[in-house]
Amino acid sequence: AERLARALAEPVVLATRATPPVREQGAQAVLADLAAARQGGVATTLDRAVQRSTAALLQSHLDRQAGSGIDAAAAVVLDVTTGDWRALVSLGGQPW
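This write-up is about the structure you can find in this document. Computed from a predicted model, the values in this text were never measured in an experiment.

## Quick look at the overall build of the protein
Here is step 1 of the chain: When helices and strands are counted, the protein shows three helices and two strands.
Here is step 2 of the chain: Taken from the N to the C terminus, the helices and strands of the protein come in the order α-α-α-β-β.
Here is step 3 of the chain: When contacts within the protein are restricted to residue pairs at least 6 apart in sequence, those whose partners lie at least 24 apart make up 50%.
Here is step 4 of the chain: Split by element, the accessible area of the protein, about 7500 Å² in all, is 57% carbon and sulfur.

## Considerations on a nonpolar patch on the surface
Here is step 1 of the chain: Together, Val-76, Leu-78, Trp-85 and Leu-88 make up an exposed nonpolar region whose accessible area comes to about 350 Å².
Here is step 2 of the chain: Elements with a minimum of two residues in the nonpolar patch: strand E1 (72–78) and strand E2 (85–92).
Here is step 3 of the chain: Looking at the element boundaries, Leu-88 is found in strand E2.

## Focus on the pattern of salt bridges
Here is step 1 of the chain: Using the criterion set out here, one finds three salt bridges in the structure.
Here is step 2 of the chain: Between Arg-6 and Glu-2 there is a salt bridge, and its shortest N-O distance comes to 3.2 Å. Placement of the pair is Arg-6 and Glu-2 together in helix H1 (residues 2–9), with a separation of four residues, close to one helical turn.
Here is step 3 of the chain: For Glu-2, a relative accessible area of 58% puts it in the exposed group.
Here is step 4 of the chain: Close ionic contact of Asp-79 with Arg-86 constitutes a salt bridge, the shortest N to O distance being 4.0 Å.
Here is step 5 of the chain: Taking the relative accessible area as the measure of exposure, Asp-79 reaches 22% and is therefore partly exposed.
Here is step 6 of the chain: Overlapping salt bridges bring together Asp-79, Asp-84 and Arg-86 as one network.

## Examining the nonpolar core
Here is step 1 of the chain: Counting five residues, the largest nonpolar core consists of Leu-58, Leu-62, Ala-73, Val-89 and Leu-91.
Here is step 2 of the chain: Within the residue set of this core, elements represented by two or more residues are helix H3 (48–64) and E2.
Here is step 3 of the chain: Excluding its chain neighbours within four sequence positions, the residues that come into contact with Leu-62 are Ile-70, Asp-71, Ala-72, Ala-73 and Leu-91.

Calculation criteria
- Residues numbered from 1 in each chain as written.
- Predicted model: local features only at pLDDT ≥ 70, side-chain atom pairs only at ≥ 80, totals over all residues.
- Heavy atoms only, no water.
- Helix = DSSP H or I, 4+ residues; strand = E, 2+ residues; numbered from the N terminus.
- Contact = heavy atoms within 4.5 Å.
- Areas by Shrake-Rupley, 256 points an atom, 1.4 Å probe, with all protein chains shown as cover.
- Patch = residues over 30% accessible without salt bridge, like charges linked within 9 Å, V, L, I, M, F, W, Y side chains within 5 Å.
- Salt bridge = Lys/Arg side-chain N within 4 Å of Asp/Glu carboxyl O.
- Buried < 20%, exposed > 50% of the residue type's maximum accessible area, 1.4 Å probe, protein only.
- Core = buried A, V, L, I, M, F, W, Y, C linked by side-chain atoms within 4.5 Å.

Written out as structure tokens, the structure reads:
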């Protein structure tokens, strides 16, 4: 709990630069496209619960930035012991 409180209190430094627009659906849309192209499933290390929690936290952070000019955010959650990707979320910005 203490580590979480310290992490949440840590400032996020904004580095602005021109970036290509991101797809609002993020990993889910990409995986759906891959599954359709392969006519079947796609195996990943993404965890649906972690993906949803990350999206909710990222949306909450993005909502708190209203009026600041920040309209997009992205997050990746990695399992540092295995290197597995648990979540990949991008929100806001302009659609492709």
